[in-house]
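Read off the chains here:
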Amino acid sequence: MNFAGRKDDYMPLTPEEIERYNRQIMIEGWDIAGQERLRAATVFIAGAGGLGSPVSMYLASAGIGTLRICDCGETEISNLNRQILHDDARIGMNKALSARQTLARINPNVNVIALPEIITDESIAGLASDAAMIVDCLDNLETRHVLNRYAVSRGIALVHGAIQGLSGQISVFHTPHTPCLACILPPKIPHGLFPVAGVAPGVIGLLQATEAIKLLLGLGSPLYGSLLMWDGARADFQKIPICRSPECPVCGGDAACK
Ligand SMILES: [Zn+2]
C-alpha cells in the first residue's frame, strides 16, 4: 500500500537524514526506501491539543515530510497537563502556530503548515489539501464526522482516537476496507467538560502515530475493523470487532463484517 505517491520517484536521503533516522531504518520493512516514502508524505492532523501533541511530535521526529496541523483554539493553562506541544510561555497563542514552533525544534527537516482555522464541510478540502491520510485528534463528535465524510469521499484513511479520564479508544477507518466513523457513532453526543489524565492522550496518541506510520510504510497490519479500547485504571486493552452498517448515511449500502 503506497500512500505517498508514485514509487521510485523520491529524492535520496541525505547523510544527515540517514544518521537521524538510523535506528528506525533498521526495522525490517522500514528501510531507507520507507524513510524516503515518509519524507514524501503529507499528513493532516486535526487538532493540536492532547492527542495532537504526541501525534505531531512523533510524526515529526519520525520524519514525515509535511504535517498540516489545524487548530483554531488558543492555549490555556488548563490545557497544560496534557497538551505537551505548548507551555506557559504560549498561553494565549494559537495552538497550530505554537505547534509549528515546537515541531520545528524537534525536526527542522519537516515542513509544518500551521492552520489556525475552523474545520467544516466547506473548509476541510482546502485544509487537508493533498494529505495521504487524516489523524483525528479532536475532542468533539460533530467535527469528527466532518473528517469522516471527507475521508470517505476521498477513500483515504482516518486514524481515529478519543480519550476520557484514564481511558481511550482508537481505530483506523478506511472505507471500503473498514466501517466508517458514522457506522458506529451517532451524529452527536452531548457532553460538557470531561476529565482527562495527561497520560491518556499520550497512550492513545502514540497508538495513532504508530498506525499512521504503518499505513505510510505499508508495514504490518493496520487496525482495520476493530476498536481498540484502553482502560488505564485496569491496565487493560480490548479489541472489539466493528462492522459496516447498511444504514450508514456516509458509507452504507455495502454491509460487511470481516
Ligand atoms: Zn459508514
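Rules used throughout
Each residue is numbered by its place in its chain's sequence as written, counting from 1. In keeping with the predicted nature of the model, local features appear solely for residues at pLDDT of at least 70, side-chain atom pairs appear and are counted solely at 80 or more, and the whole-chain, interface and lining totals rest on all residues. Secondary structure elements are taken from DSSP: a helix is a run of H or I of four residues or more, a strand is a run of E of two residues or more, and numbering for both begins at the N terminus. The atom set for the radius of gyration is the C-alpha atoms, and the globule formula is 2.2 Å times the number of residues raised to the power 0.38. Here the C-beta atoms are placed from the backbone, and a residue counts as buried if at least 20 other C-beta atoms lie within 10 Å of its own, exposed if 12 or fewer do, and partly exposed otherwise. With C-beta atoms placed from the backbone, a contact is any residue pair whose C-beta atoms sit within 7 Å. Every helix has an expected span of 1.5 Å times one less than the residues it contains. Two strands make a pair as long as DSSP finds a minimum of two bridges between them. Interaxial angle, 0 to 180 degrees, is taken between N-to-C directions of lines fitted to C-alpha atoms, where a helix line uses only the stretch in contact.

Asks: Explain the overall build of the protein chain to me, please; I cannot follow it from the model alone.
Replies: Counting its regular elements, the protein chain contains nine helices and eight strands. For a compact globule of 258 residues, the expected C-alpha radius of gyration is about 18 Å, and the protein chain comes in at 18 Å, within 12% of that figure. Each principal axis of the C-alpha distribution contributes one length, and for the protein chain these read about 50 × 45 × 40 Å. Sorting the 258 residues of the protein chain into buried and exposed places 43% on the buried side. Across the protein chain, contacts joining residues at least 24 apart in sequence account for 67% of those joining residues at least 6 apart.

Asks: Any chance you could explain helix H7 (residues 141-154) here in plain terms?
Replies: Within an α-helix, residues lying three or four positions from one another point in the same direction, as the helix has 3.6 residues per turn. Taking 1.5 Å per residue, 14 residues should reach 20 Å; H7 reaches 20 Å between its end C-alpha atoms and fits that length. Within H7 the residues assigned to the buried category are Arg144, His145, Leu147, Asn148, Tyr150, Ala151 and Val152. Where the residues of H7 are buried, they touch strand S1 (42-46), helix H6 (124-128), strand S4 (133-136), strand S5 (157-164), strand S6 (167-173) and helix H8 (181-184). With its phi angle positive at about 70°, Gly155 sits one or two positions after the end of H7.

Asks: Help me understand the environment of Thr175 in this model?
Replies: Position of Thr175 relative to the elements: it lies in the loop between S6 and H8. On the basis of neighbour counts, which here come to 22 C-beta atoms within 10 Å, the residue Thr175 falls in the buried class. In contact with Thr175, other than residues within four places in its own chain, are Val152, Gly155, Cys180 and Cys251.

Asks: I tried to follow unusual backbone geometry on my own but got confused; where do I start?
Replies: The general pattern is negative phi for most residues beyond glycine and trans for most peptide bonds. A cis amide bond, omega 10°, links Thr175 with the succeeding residue Pro176. Structurally, Pro176 can be placed in the loop between S6 and H8. Positive phi values are uncommon outside glycine, yet Ser129 reaches one of about 50°. Even without being a glycine, Ala235 presents a positive backbone phi close to 50°. With respect to the helices, strands and loops of the structure, Ala235 is situated in the loop between strand S7 (226-231) and strand S8 (236-241).

Asks: So what exactly am I meant to see when it comes to the sheet that holds S7 here?
Replies: Hydrogen bonds between backbone groups are what pair the strands of a sheet, and the pairing can be parallel or antiparallel. Pairing is mixed in the open sheet, where eight strands are placed in the order S3-S2-S1-S4-S5-S6-S7-S8. In this open sheet, the two edge strands, each paired with only one partner strand, are strand S3 (111-115) and S8. Taking the axes of each pair of neighbouring strands and ignoring which way they run, one obtains an average angle of 15° across the sheet. The sheet contact formed by S4 and S5 spans four bridges and is parallel. In the strand pairing of S5, Ile134 is matched with Leu158. Against the sheet, helix H4 (residues 52-62) makes contact with S1, strand S2 (66-70) and S4, and its axis sits at roughly 165° relative to S2, the strand it touches most. On the sheet, helix H5 (residues 95-106) packs against S2 and S3 and is oriented at approximately 165° with respect to S3.

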